[in-house]
Amino acid sequence: YQRRDMGESVRVRGCFRVHLCLSMPPGLSELTSQIDIVSVPNTTPACRVEVFQFPPSSVLSPSTPSSFEYIYILIPGNPGSACFYIPFLKELHERLNREVPVIALGHGGHDLFDHNNGKVFSLNEQIAHKISFIRHIHTLHPRAKLILSGHSLGAWVMLNVMERCPELEPVIEKAVFLFPTIKELVRGAPWVVWLCTMPPIRKLLAWVVHMLIRLGGVHFRRLMYKVLSLFLPAAASTIVAQGLRFSLVENIFGLAREEFHTITTLDAITLQKHQRKMIFLYSEIDNWAPESHHVQTKDMLPNAAANEILRDGTDHSFVLYYANSTALKVASLLRLPSSSSGR
C-alpha cells in the first residue's frame, strides 16, 4: 500500500504486508497497489485521502517536467472512494489514445483504511480539499488544460470549485457532469437512505458496524464480502467489505444529510456563465438525477457543449456495470483535438 506525501513515497513492507494478505477480502491487494494515500495540500488540520492516478505518479508526482496538453480530474460521488472509479478511468485513458492522464480525488474519510483518526468531514471541507488539489495540480502543470469531471455529488462539488476559483477559468477546458445531482437531491432519495442520515439512526448504524467488526474481525469482513458479492461486482464488494467501519458510516451518511439540506436549487448563474464548457450525461432510469433534470438543463443551457441522456440501461452507479461504455461515451463527447476517441 503506497503512502504519498506530495513527492515522498513509502511502501509498507514486512509483517504488516503479511497481516494484510491474511486479513483482507479477496482482491484487496490488487486494489491497494493502484491507490496512493496523499496529503491534501494546504489543509489544517492535515487530511489524507485516496487518489488514483493513471499512468501512476503522472499527475501529483511527475518525475519529469510536464508536457501534458490535458489532465482529466474526477471528483467522486458519495460514497467517495477513488477505488470505485479505477475501471472507468483506465478505459477513458485508453479511449483518449493514452494521451490524457486521469486522476480521481477521493473524499476525506471515505478510504479503504482510516487515515484521519476517525474524523468526520463536512461538505464544505470536502469542497475545500478539491480546490486545494486542483490548484496544486495546476501549479505542477501550468501549461495543461484541465478537464474537470464530477459524478453525482461530485458534479455539485465541481460546480462549487468553478464558482469559487475564477482564476482557474482560463485553464478549464471542459466540465463533465456525470449523472449530476445538482438540484433537489432529497427528492431522489429512497426513504431508507433518508432515514439512515438522521443523526440517531446514523450513530446506531455506526456502532452496530463497529461492534460487529470488533467481535467478528476478519471473519465478519469475509462474510460481508460473500454477501455483497451476490449483488455487486467482486471489486465493489471488496471495497465495501474492507472500508466498512464506524467513521466511514458517519462520513457517508453525515455527508448525505448535508447534501439533502444543501443541494436544493440549480446554481443558474455559474451554470450559464460556463455553459459552453459543460458536458452533461444523464440516464433515463436514474432516480437521483431524473430525465426531468436533463430536460431542464437542456432548456436552460442551450449553448452547452453537450447534454445527452443514455437509454442503454446505464444507471446512476455506472461504475459498477457500465464503466467501459460510459468511458467510451465521455471520450466521444469530449472531442479533444489531439486525440482520436473512436478506438
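Fair warning: this is a prediction, and the values are worked out from it, not measured in the lab.

Some details on the overall build of the chain
- Helix and strand counts for the chain come out as 13 helices and 10 strands.
- Looking at the chain as a whole, 54% of its 343 residues are labelled buried.
- Pairs at least 24 apart in sequence give 80% of the contacts found in the chain among residues at least 6 apart.
- For the chain, the accessible surface area stands at approximately 15,100 Å², while carbon and sulfur atoms represent 57% of it.

Here we look at the pairing of strand β8 (residues 172–178)
- Of all 7 residues in β8, 6 are buried; the element is thus mostly enclosed.
- The sheet contact formed by strand β7 (residues 145–151) and β8 spans 6 bridges and is parallel. Note on β8: the bridge partner recorded for isoleucine 147 is lysine 174.
- A crossover links β7 with its parallel partner β8, the connecting element being helix α5 (residues 153–164), and its sense is right-handed.

What to know about the nonpolar core
- The biggest cluster of nonpolar side chains holds 52 residues, and the ones touching the most others in it are Ile73, Ile103, Ile134, Phe177, Leu271 and Phe280.
- A per-element tally of this core places α5 first, with 8 residues.
- For leucine 271, the contacting residues outside a window of four places in its chain are Leu159, Phe177, Ile182, Leu266, Met278, Phe280, Met300 and Leu301.
- Ala104, Ala306, Phe318 and Val330 belong to the second-largest nonpolar core, a separate cluster that totals 41 residues.

Let's talk about a nonpolar patch on the surface
- Taken together, the side chains of Val186, Trp191, Val192, Trp194 and Leu195 define a hydrophobic patch exposed on the protein surface, amounting to about 500 Å² of accessible area.
- With respect to the helices and strands, valine 192 occurs in helix α6 (residues 191–196).

Looking at the confidence of the model for the chain
- Taken residue by residue, the chain gives an average pLDDT of 89. The fraction at 70 or more is 90%.
- The model gives residues 1–23 a pLDDT under 50, and that stretch makes 45 contacts with residues more than four places away or in other chains.
- Considering only residues more than four positions removed or in separate chains, one finds that residues 339–343, a stretch of pLDDT under 50, has 14 contacts.

Details of the pairing of strand β5 (residues 70–75)
- Burial of β5 is extensive: 6 of the 6 residues sit out of reach of the surface.
- Neither face of β5 is left uncovered, since the one carrying Tyr70, Tyr72 and Leu74 and the one carrying Ile71, Ile73 and Ile75 both have all their residues buried.
- The pairing of β5 with β7 spans 6 bridges and is classified as parallel. Looking at the pairing, isoleucine 73 lines up with leucine 148 of β7.
- Examined bridge by bridge, β5 and strand β6 (residues 102–105) share 3 bridges and lie parallel to one another. Counted as the bridge partner of leucine 74 is alanine 104 from β6.

Quick word on the side chain of glutamine 34
- Relative to the elements of secondary structure, glutamine 34 occurs in the loop between α2 (28–32) and β3 (36–39).
- Each residue touching glutamine 34, except ones within four places of it in the same chain, is listed here: Val51, Phe52, Ile86 and Lys90.

A short note on helix α13 (residues 323–334)
- For α13, which comprises 12 residues, the first-to-last C-alpha distance of 16 Å matches the rise-based estimate of 16 Å (1.5 Å per residue) to within 8%.
- Those residues of α13 lying buried are Ala323, Thr326, Ala327, Val330, Ala331, Leu333 and Leu334. Buried residues of α13, viewed axially, fall in a sector of 165 degrees; they line one side.
- At the exit of α13 stands arginine 335, carrying a positive phi of roughly 50 degrees.

What counts and what doesn't
- Residues numbered from 1 in each chain as written.
- Predicted model: local features only at pLDDT ≥ 70, side-chain atom pairs only at ≥ 80, totals over all residues.
- Heavy atoms only, no water.
- Helix = DSSP H or I, 4+ residues; strand = E, 2+ residues; numbered from the N terminus.
- Buried < 20%, exposed > 50% of the residue type's maximum accessible area, 1.4 Å probe, protein only.
- Contact = heavy atoms within 4.5 Å.
- Areas by Shrake-Rupley, 256 points an atom, 1.4 Å probe, with all protein chains shown as cover.
- Pairing = 2+ DSSP bridges.
- Right-handed = clockwise from strand over helix to strand, strands pointing away.
- Core = buried A, V, L, I, M, F, W, Y, C linked by side-chain atoms within 4.5 Å.
- Patch = residues over 30% accessible without salt bridge, like charges linked within 9 Å, V, L, I, M, F, W, Y side chains within 5 Å.
- Salt bridge = Lys/Arg side-chain N within 4 Å of Asp/Glu carboxyl O.
- pLDDT = per-residue confidence, 0-100.
- Expected span 1.5 Å × (residues − 1).
- Arc of directions from axis to C-beta.

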